[in-house]
Protein chains: 2
Amino acid sequence: MFPTVDEQLLHIRRGVEEIIPEAGLRAKLERSIGTSEPLVVKLGCDPSRPDLHLGHAVVLRKLRQFQDLGHQAVLIIGDFTGMIGDASGRSKTRPALSLEETRENGRSYLEQASAILDANRTRIVYNSEWLEKMSFRDVVELAGKYTVAQMLARDDFGTRYRTDEPIGLHELLYPLAQAQDSVAIKADIELGGTDQKFNLLVGRSIQKAVGQEQQVCILLPILQGLDGVEKMSKSLSNYVGIREAPNDMYGKLLSIPDDLIFRYFELASDANTRDLASLMVYCRENPRDAKHDLALAITEMYHGEGAAREARAYFEKTVIRKEDPDDIPVFRPKKTRLGLLDLMTQAGLTQSNGQARRLVQQRAVSIAGQKVSDVRTEVDVDKLAPFVLRVGKLRYMRIEK
Amino acid sequence: MFPTVDEQLLHIRRGVEEIIPEAGLRAKLERSIGTSEPLVVKLGCDPSRPDLHLGHAVVLRKLRQFQDLGHQAVLIIGDFTGMIGDASGRSKTRPALSLEETRENGRSYLEQASAILDANRTRIVYNSEWLEKMSFRDVVELAGKYTVAQMLARDDFGTRYRTDEPIGLHELLYPLAQAQDSVAIKADIELGGTDQKFNLLVGRSIQKAVGQEQQVCILLPILQGLDGVEKMSKSLSNYVGIREAPNDMYGKLLSIPDDLIFRYFELASDANTRDLASLMVYCRENPRDAKHDLALAITEMYHGEGAAREARAYFEKTVIRKEDPDDIPVFRPKKTRLGLLDLMTQAGLTQSNGQARRLVQQRAVSIAGQKVSDVRTEVDVDKLAPFVLRVGKLRYMRIEK
């Protein structure tokens, strides 16, 4: 029924940062083959994020790989924990959401995740199902299984505590609630980003404390964003949303640095695991072609082959042949003379002057085909318009009088 | 209906260590006189202690004083919080009790407290009434009103955290639960020992966070034990239980150091508040008489006038006139020759050789009327017996062959 342990490990290990403990995973896989019982693979999703991007998709893809190996995927919609807000990796308390908001976000998450998971073989549960039933007394009992020092050992909590950044007491309850999820579904494996390592390990502690077999924690790397520096994040505007239009998706993927191409193939595409070794060589030797192949592969995953080919054709015209696209939106500034940064932001090409400033400094901005590098540039609209203001490879605006 | 503010303050301030804030108390008293509404005065009791002693009675006596002034006493039996266990002033996690145990202890507490309070005017509530109804969600909301740093500012938590002594996460929930009690009964005033200062102030914070008028915290000193050094505590064997037999109570009170006599009058007796000033002079000038008066007064409070007078007669005979009492228990050692410390412990006069050693060193032990000061003293039972072995003023044993 299941592939051999080594065959499974080949797929499970793909792109993975850490497996805790390795031996435990092997033992569980062996048992599963022996009993013909699938492993229960848990992925908790934090429904405080309304839009999924390729960074979120990394763990979802890993869950899908487990489904393809015949195991039981359990997607936990953290509608309850979402009210608390996971502060992992954060330096501040997160704003509280209501159960209604987290459920609404959860539905949207599911809809998006269905592009990646095998929906028919995904068990979906809301953690309010068991956490809502817990009383103060149950919380006391759960909290008694963990100590303050263990909790403050988490990097972000420790840093915040030492730098006098307030940590709400409720935030300490989050990892316990997440651990209780593992107990509730008797998780064999929990998936998460490396920033979730601490929370996933609390799951192991609490399972042990209640006499359950401990889950194996599989940690996936945090995908770097398009800038190749920061982690992919909506707030950093370096992301590819999984619902973005084919042209946007394709074009954004063309903008990643060459040394990220293989990583994206490994973590974000459905390229065959057995082909990864040769793909790595290909990416190194032909980054330009490899980048188009990556953009095509990922766009196809989310939009199908036709849309992906159309996006490719569009970018061959605009980027490869350096032409302006056919249908450029038009913006007419109110002032006849204004700063470049103001113009970019007013035209909607950037969200703030600070972002505009960085882009100019990164030499990503051009006026009528000429790169601009001075952030203090003044634009004389009367004199210059009409002209094309271009930001990166993807954003254009025709500035008219 | 109520005495004047100044008249009330005279009684309220008796023996009190701190009132937080003073102005708040005056304002509440004024409002209460204006509206003819009694103030709600809260005392939470921790039912993990099965036996009350004069140390516990200090806050109960203060509550009684509020009753006598016409205010509403609310005694909260912490059957729910008792399960968590208050770690205030402690260096370790306390063992958990079940709700059944804490309720059983609570009943015993009430029975004992009835010797001090005006039972007809005491509202008794169990905090499980509201805390049991709280869900995980309610706990998250409550916990969100307080921070980790604020909690670790409590001396004992801070010390334990710095010295790597484990603090169970559930212990941080204790002060919040106690604060919730204040919210539930809308406390105007909460009484507690100085070791409860932190917990009582959390009550103020949480009341403020939910938009309630903040309680005034009235902190009573911790009564020193019979040794005049440590706080009164059962585990230190320096206590007077409020259910101890009249002779034991009277005799133990005779053993306190002179400089504690007035303190006991102030905190543990029902001596008239207006007489305290002259009592202070009397205690300083006539400690011997004052000590008997104190012993008589306190024994009378718990056992009535007759029993108190009998106890006095007994001690006039045995202590003042230095005679051995009439009915001395007998102990026959198995060995004919043994160390004094062993003999004391075997005879049940001490609980350990360590305690016996300290008592000998304190020159509290005599053999046949002779003080013994050498802890290595060997006793030749064959040669000496029968003789009276005396420990302090109260414990005797006739040693026979």
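Please read these numbers as outputs of a predicted model, since none were measured by experiment.

Enquirer: What exactly am I supposed to notice about the packing of helix H7 (residues 136-143) of chain A against helix H10 (residues 169-185) of chain B here?
Expert: When two helices pack together, their arrangement is given by the angle between the helix axes and the distance between those axes. Direction vectors running N to C along H7 of chain A and H10 of chain B enclose 145°, while the axes themselves pass 7 Å from each other. Here Phe 136, Val 139, Val 140 and Ala 143 of chain A of H7 of chain A lie close against H10 of chain B, whose contacting residues are Leu 169, His 170, Leu 173 and Ala 177 of chain B.

Enquirer: Sorry, what's going on with the packing of aromatic side chains here?
Expert: The geometry of an aromatic ring pair is captured by the separation of the ring centres together with the interplanar angle, meaning the angle of the planes. This model, assessed by the stated rule, comprises nine aromatic pairs over all chains. Pairing Tyr 161 of chain A with Tyr 161 of chain B gives two aromatic rings, centres 5.7 Å apart and planes at 90°, and the pair type is edge-to-face. Placement of the pair is Tyr 161 of chain A in helix H9 (residues 155-162) and Tyr 161 of chain B in helix H9 (residues 155-162), with the two residues belonging to separate chains. Residue Tyr 161 of chain A is classed as partly exposed on the basis of its relative accessible area, which comes to 23%.

Enquirer: Hey, could you run me through the relation of the copies chain A and chain B in this one?
Expert: Put simply, the two copies of the chain differ by a rotation about an axis and a shift along that axis. Laying chain A over chain B is done by rotating through 179° and shifting 0.3 Å along the axis; what remains is an RMSD of 0.4 Å. On the angle and the small slide along the axis, the relation comes out as a two-fold axis. For chain A, the residue whose C-alpha comes nearest the rotation axis is Ser 135 of chain A, separated from it by 1.8 Å. A shared binding surface is used by both copies, with 100% of the interface residues of chain A retained as interface residues in chain B.

Enquirer: So what exactly am I meant to see when it comes to the interface of chain A and chain B here?
Expert: When the parts of a complex come together, some accessible area is lost, and that lost area is often used as the size of the interface. Contact residues are listed per partner, giving 30 residues for chain A and 30 residues for chain B. Carbon and sulfur atoms make up 80% of the surface buried where chain A meets chain B, a total of about 2700 Å² over both sides. Ranking the residues of chain A by area buried against chain B places Phe 136, Arg 137 and Leu 169 of chain A at the top, with a combined share of 30%. Linking chain A with chain B are two salt bridges, by the criterion used here. Note that Arg 137 of chain A is salt-bridged to Glu 132 of chain B, the shortest N-O span being 3.1 Å. Across the chain A-chain B interface, the total number found is ten residue pairs in polar contact (both at pLDDT 80 or more). Of all elements in the fold, only helix H4 (81-84), H7, helix H8 (148-152) and helix H10 (173-185) of chain A reach the threshold of two or more residues within the side of chain A that touches chain B. Per-element accounting of the side of chain A that touches chain B gives the leading share, five residues, to H7 of chain A.

Enquirer: Can you walk me through the environment of Tyr 126 of chain A in this structure?
Expert: All names here are of chain A. With respect to the helices and strands, the residue Tyr 126 is situated in strand S4 (residues 122-126). Under the relative-accessibility criterion, Tyr 126 is labelled partly exposed at 24%. Distance from Tyr 126 to Ile 76, taken between C-alpha atoms, is 5.7 Å for residues 50 residues apart in sequence.

About the thresholds
- Residues numbered from 1 in each chain as written.
- Chains lettered and ligands numbered in written order.
- Predicted model: local features only at pLDDT ≥ 70, side-chain atom pairs only at ≥ 80, totals over all residues.
- Heavy atoms only, no water.
- Axes fitted to C-alpha atoms, helices over the stretch in contact; angles between N-to-C directions.
- Helix = DSSP H or I, 4+ residues; strand = E, 2+ residues; numbered from the N terminus.
- Contact = heavy atoms within 4.5 Å.
- Phe/Tyr/Trp six-rings, centres within 6.5 Å; stacked < 30°, edge-to-face > 60°.
- Buried < 20%, exposed > 50% of the residue type's maximum accessible area, 1.4 Å probe, protein only.
- Least-squares fit on C-alpha atoms with pLDDT ≥ 70 in both.
- Buried area = accessible area lost by both parts, 1.4 Å probe.
- Salt bridge = Lys/Arg side-chain N within 4 Å of Asp/Glu carboxyl O.
- Polar contact = N/O pair within 3.5 Å; in protein donor to acceptor, adjacent residues only side chain to side chain.

Treat this as a map of the structure, not an account of what it does.
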